[in-house]
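Examination of the molecular architecture
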Amino acid sequence: MTIPEGLQRILATANDVVVLTGAGISAESGIPTFRGEDGLWSKLKPEELASFDAFLSNPELVSEWYQHRRHITRESKPNAAHTALVEMEKYFRRFTVVTQNVDNLHRRAGSKNIAELHGNIERNYCLGCRKRYDGADFDANGSFRCSKCGGLIRPDIVWFGEMLPADQWDVAETAAATADVMFVVGTSAVVYPAAELPVTVRRSGGKIVEVNIEETPLTGFADFSLQGSASNVLSEIIDKIKELRGVAKDTE
Ligand code: APR
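This one's a predicted model, so the numbers in the text were calculated from it and none came from an experiment.

One pass over the full model with this rule turns up eight aromatic pairs. When the ring of F52 is compared with that of W159, the centres are 6.4 Å apart and the planes differ by 35 degrees; the resulting orientation is tilted. With F52 in helix α4 (residues 52–57) and W159 in the loop between β5 (153–157) and α8 (166–177), this residue pair connects regions lying 107 residues apart in the sequence. Overall, W159 belongs to the buried group, its relative accessible area being 2%. Residues F92 and F95 carry aromatic rings whose centres are separated by 6.2 Å and whose planes lie at 20 degrees to one another, so their mutual orientation is stacked. Exposure class is identical for F92 and F95. Each is buried. Members of the aromatic cluster, connected to one another through ring pairs, are F34, W41, F52, F55, W65, Y66, W159 and F160. Above the plane of the ring of W65 lies R69, whose end atom (NZ or CZ) is 4.8 Å from the centre.

How two helices sit against one another is set out by the angle between their axes and by the gap between those axes. Taken N-terminus to C-terminus, the directions of helix α1 (residues 5–13) and helix α10 (residues 230–245) make an angle of 65 degrees; their axes are 9 Å apart at the nearest point. Helix-helix and strand crossings are classified by hand; for α1 and α10 the assignment is right-handed. Residue-level inspection shows L7, Q8, L11, A12 and T13 of α1 in contact with α10, the latter providing I237, K240, I241, L244 and R245. Classifying every residue of the contact of α1 with α10 by side-chain character gives six nonpolar, two polar and two charged.

Strand order in the open sheet made by the six strands is β3-β2-β1-β6-β7-β8, with parallel pairing throughout. At either end of the open sheet lies a strand with only one pairing partner, and these are β3 (114–116) and β8 (224–227). Each strand axis lies, on average, 15 degrees off the axis of its neighbour in the sheet, ignoring direction. Alignment of strand β6 (residues 181–185) against strand β7 (residues 207–212), held across five bridges, turns out to be parallel. Paired with V184 across the two strands is E210, which belongs to β7. Running over the sheet, α8 touches β1 (16–21), β2 (94–99), β3 and β6 and is turned about 130 degrees from β3.

Before going further, it helps to examine the domain arrangement of the chain. Under the domain assignment, the chain is made up of domain 1 (1–31 + 79–118 + 165–252) and domain 2 (32–75 + 123–157). Domain 1 and domain 2 are separated by 28 Å when their C-alpha centres are compared. Taken together, both faces of the contact between domain 1 and domain 2 bury some 890 Å²; the carbon and sulfur share is 60%. It is A23, I31 and V102 that lose the most area in domain 1 upon contact with domain 2, and together they represent 44% of the buried surface on that side. Summed over the shared surface of domain 1 and domain 2, the result is one salt bridge.

Here we take up helix α6 (residues 80–88). In terms of burial, α6 is largely enclosed, as seven of its nine residues are buried. When we look at burial in α6, the residues that qualify are A81, H82, A84, L85, V86, E87 and M88. Buried residues belonging to α6 abut β1, α2 (24–27), β2, α7 (105–109), β6 and α10. Of the residues flanking the start of α6, the one acting as N-cap is N79, its side-chain oxygen 2.7 Å from the backbone nitrogen of A81.

The full set close to the ligand counts 22 residues, and F34, R35, T187, S188 and N212 are the nearest of them. In the model, an oxygen atom of the ligand is placed 2.7 Å from a nitrogen or oxygen of the N212 side chain. For the ligand, whose unbound accessible area comes to 730 Å², protein coverage reaches 91%. Taken together, domain 1 (1–31 + 79–118 + 165–252) and domain 2 (32–75 + 123–157) each give at least three residues to the shell around the ligand, which thus spans both.

L7, M88, F183 and I237 are the most contacted members of the largest nonpolar core, which has 30 residues in total. Elements with a minimum of two residues in this core: α1, β1, α6, β2, β6, β7, β8 and α10. Counting residues per element, this core draws most heavily on α10, at six residues. When near neighbours in sequence (up to four residues on either side) are disregarded, M88 contacts F95, F183, I237, I238 and I241. One finds L117, I208, L218 and A222 within the second-largest nonpolar core, a separate group that totals 21 residues.

To continue, consider the pairing of β1. Across the six residues that make up β1, a large majority, six, are buried. Direction of pairing for β1 relative to β2: parallel, over a ladder of six bridges. Paired with T21 across the two strands is T99, which belongs to β2. As judged from the five bridges shared by β1 and β6, these two strands associate in the parallel manner. Across the sheet, the residue bridging to L20 is V184, located in β6.

Each value, and the rule that gives it
Residues numbered from 1 in each chain as written. Predicted model: local features only at pLDDT ≥ 70, side-chain atom pairs only at ≥ 80, totals over all residues. Heavy atoms only, no water. Phe/Tyr/Trp six-rings, centres within 6.5 Å; stacked < 30°, edge-to-face > 60°. Helix = DSSP H or I, 4+ residues; strand = E, 2+ residues; numbered from the N terminus. Buried < 20%, exposed > 50% of the residue type's maximum accessible area, 1.4 Å probe, protein only. Lys NZ or Arg CZ within 6 Å of the ring centre and 35° of its normal. Axes fitted to C-alpha atoms, helices over the stretch in contact; angles between N-to-C directions. Left-handed = near helix turned anticlockwise from the far one by under 90°. Contact = heavy atoms within 4.5 Å. Nonpolar A, V, L, I, M, F, W, Y, C, P; charged D, E, K, R; others polar. Pairing = 2+ DSSP bridges. Domains from an automatic or database assignment. Buried area = accessible area lost by both parts, 1.4 Å probe. Salt bridge = Lys/Arg side-chain N within 4 Å of Asp/Glu carboxyl O. Polar contact = N/O pair within 3.5 Å; in protein donor to acceptor, adjacent residues only side chain to side chain. Near = heavy atom within 4 Å. Areas by Shrake-Rupley, 256 points an atom, 1.4 Å probe, with all protein chains shown as cover. Core = buried A, V, L, I, M, F, W, Y, C linked by side-chain atoms within 4.5 Å.

In structure tokens, the structure reads:
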């Protein structure tokens, strides 16, 4: 893949960079995406598994589904795309990873400045007393009831119809409003308010680079659309950054 001249100039001169990631960045780690022919939502109904009502009406089913997804994410490893973002962080004044993913892979890869818009599958809390059960397991024989107050324990995930965590959204929006460039990696760009962030970047004069294996509703809006897998494209991007910018800032 050739990196366009215009994008090379941005890679050479940008100071503040934000990356918006979706399920596609973790696809090569073996974690299923949501949409597309073999996505989760082509087999399961989100309203039956990823909503507060679904949880209240069947806490066992929902908790076991998240436990199943936790097993998958724990078996997975960050891939070259996650690692490329950890490398990229060293070359810019400000570098923020805004993720819609709950799989904890950016954190495990070593990214430092992360806004988790939709929560994190490794975090849970009691609905009654908010006692935390982070990293806990809720296998079929596990209890979904709080040991302190007997309340229901829920995953710290943003379900459909729920508000995003305000502090995470603030980080994401501030990063977008001050970014010279936003990389949008592996997202279908159809779920709001995350899908609004590229508009915030553009409104503040920043450029949009989309990285995806196929076109999305964002493709026509992006300044650059790099078609390919996240691991291949981001590996080429970080190699080009090293060529253009020399020594990483933390080794100067
Ligand atoms: N490299 C780059 N992009 C990829 C790859 C890959 N290897 N594999 C798949 N993709 C792209 C797909 O083309 C698609 O555009 O990743 C995108 C995945 O889209 P979705 O499955 O819709 O996932 P996402 O955009 O993260 O969904 C947003 O919806 O269900 C909710 O809360 C959930 O955070 C999720 C949100």
